[in-house]
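What the coordinates show
Residue strings, one per chain:
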Amino acid sequence: MANSNCVQQNGWGGNWTEQKLDCFESYVRAYLTIMNVYRDKYHWKLIYFDGFAGCGSRTEEETTQEVESLYNLFGDELVDKQELSVYQGAAERVVRLEEEMRGFDFYYFIDLYEENCTKLELKLADYPTKGYKLFRPGDANIQIQLLAAALERDRHFKSLVLLDPFGMQLDWSGIQAIAGKSVDLWILVPSGMVINRLLKKNGELLHPEKLVKFFGMSEEDIKKWFYVHREETTLFGDVKDVVIKKSKPIELIAELFVNRLGELFPYVTPEPLVMRNRNNVPIFHFICASFSPTAVKIAQQIINKRNR
């Protein structure tokens, strides 16, 4: 049996990682407890879908590669390697729950790289499950569309979806696809870690195409949310229009994403789980959305205990 402290032993765990995983595991426990009461009566089949599962561990080499990837995104912005530790790691926690309770009928673990899927499959082999474990290499945005189609074909399927994308890999179209289906969604938004760095103070958007896909909004609407215009008089008496970035942009990022989710799901946690760096700056927001008011009520209670 794999050691339950695997996250720390692999060298990439941290306070943020544990905060996120503890929150999510608490929710999965509550989800399964409730669903297990009714699943046989209504012939439900439960699906766990992890769209960005990774390989289950993080090496120094992999972290260095990710820093280089973000460097290409930001230019000369520095990225704290420790902040990267929050990505990935839920797979082991979720399958391990079958040691004490009835789990999912299907576990889908998606990662862009086949090598990561292979490593994760080997890692999770230490945890026998009654549910089928499936490892699919490929673009999570495509796999989400396939999940949506399966949920549409058979209304007996119920899915808990975790979207824990590295950087800006997630497209809003994937979230749209699963809206209206029997889905409880948890999504990690890299608010301060990535998105705020793409919103320059002078009104310029770095990689606007990524922001457009992530928020599902036009470039113009994104700018309206994060910037204001004001007139300033120069030393020579000329009046010019100046673009100013709004205050507390990271909080505005979280607010915008909650609002956007609220356009697709009737219930969204109004106060996401906030993860802060060593300088107390928010770097991630963890949000739950569902068509069940009970689901979001439970999620918000779990979040509130950790946001204190």
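It should be emphasised that the depicted structure is a prediction, and the values quoted were computed from it without experimental measurement. (Residues numbered from 1 in each chain as written. Predicted model: local features only at pLDDT ≥ 70, side-chain atom pairs only at ≥ 80, totals over all residues. Heavy atoms only, no water.)

**Overview of the confidence of the model for the chain**
Scored by pLDDT, the chain comes out at a mean of 86, with 82% of its residues at no less than 70. Contacts of residues 1-14 to residues separated by more than four positions or lying in other chains number 33 contacts, the stretch itself having pLDDT below 50. Scored below 50 in pLDDT, residues 58-65 shows 16 contacts in the model against residues more than four places distant or in partner chains. (pLDDT = per-residue confidence, 0-100. Contact = heavy atoms within 4.5 Å.)

**Quick notes on helix 6 (residues 140-153)**
An α-helical segment advances 3.6 residues per turn. Residues three or four places apart therefore align on the same side. Taking 1.5 Å as the rise per residue, helix 6 with 14 residues should run 20 Å; its terminal C-alpha atoms sit 20 Å apart, in good agreement. Each element contacted by the buried residues of helix 6 is listed here: strand 1 (45-50), strand 2 (106-111), strand 3 (132-137), strand 4 (157-163), helix 7 (172-178) and strand 5 (183-189). Capping of helix 6 at its N-terminal end is provided by Asp-139; its side-chain oxygen lies 2.9 Å from the backbone amide nitrogen of Asn-141. (Helix = DSSP H or I, 4+ residues; strand = E, 2+ residues; numbered from the N terminus. Expected span 1.5 Å × (residues − 1). Polar contact = N/O pair within 3.5 Å; in protein donor to acceptor, adjacent residues only side chain to side chain.)

**Description of the environment of Leu-206**
Turning to its location among the elements, Leu-206 is positioned in the loop between helix 8 (191-198) and helix 9 (208-215). Each C-alpha atom of the pair Leu-206 and Asn-196 lies 10.0 Å from the other, and the pair is 10 residues apart in sequence.

**Comments concerning the nonpolar core**
Among the nonpolar cores identified, the biggest contains 90 residues, and Trp-186 and Leu-261 are the most heavily contacted of them. With 10 residues, the top contributor of residues to this core is helix 2 (residues 15-42). (Core = buried A, V, L, I, M, F, W, Y, C linked by side-chain atoms within 4.5 Å. Buried < 20%, exposed > 50% of the residue type's maximum accessible area, 1.4 Å probe, protein only.)

**A closer look at the environment of Val-274**
The residue Val-274 is located in strand 9 (residues 273-276) in this model. Here the alpha-carbon distance between Val-274 and Ser-191, two residues 83 residues apart in the chain, equals 9.7 Å.

**Comments concerning the packing of helix 8 against helix 11 (residues 249-262)**
To characterise two packed helices, one gives the angle between the axes of the helices and the distance between these axes. The contact between helix 8 and helix 11 brings their axes to 10 Å, and the two run at 100°. Considering their axes alone, helix 8 and helix 11 lie roughly perpendicular with respect to each other. Two secondary-structure elements touch here, helix 8 through Ser-191, Gly-192, Ile-195 and Asn-196 and helix 11 through Pro-249, Ile-250 and Ile-253. The class makeup of the residues in the contact of helix 8 with helix 11 is four nonpolar, three polar and no charged. (Axes fitted to C-alpha atoms, helices over the stretch in contact; angles between N-to-C directions. Parallel < 35°, antiparallel > 145°, perpendicular 65-115°, else oblique. Nonpolar A, V, L, I, M, F, W, Y, C, P; charged D, E, K, R; others polar.)

**Quick look at the pairing of strand 2**
One ladder, built from four bridges, connects strand 1 with strand 2; its direction is parallel. Bridge assignment links Ile-47 to a residue of strand 2, and that residue is Phe-106. One crossover worth recording links strand 2 to the parallel strand 3 by way of helix 5 (residues 114-124), and it is right-handed. (Pairing = 2+ DSSP bridges. Right-handed = clockwise from strand over helix to strand, strands pointing away.)

**Comments concerning the packing of aromatic side chains**
The geometry of an aromatic ring pair is captured by the separation of the ring centres together with the interplanar angle, meaning the angle of the planes. The full count for this structure, using the stated rule, is 24 aromatic pairs. Ring geometry for Tyr-42 versus Trp-44: centroids 5.5 Å apart, planes at 25°, classification stacked. On the basis of relative accessibility, which here comes to 39%, the residue Tyr-42 falls in the partly exposed class. Between Trp-186 and Phe-286, the aromatic rings sit 4.8 Å apart at their centres with planes inclined by 50°, giving tilted as the arrangement. A residue pair is termed long-range when its members are at least 10 positions apart, and Trp-186 in strand 5 and Phe-286 in strand 10 (residues 282-290) qualify at 100 residues. (Phe/Tyr/Trp six-rings, centres within 6.5 Å; stacked < 30°, edge-to-face > 60°.)

**Section: the state of the cysteines**
Taken as a whole and assessed by the stated rule, the structure comprises zero disulfides. Cysteine Cys-288 shares no disulfide, and the gap to the nearest cysteine sulfur, in Cys-23, comes to 8.7 Å. (Disulfide = S-S within 2.5 Å.)

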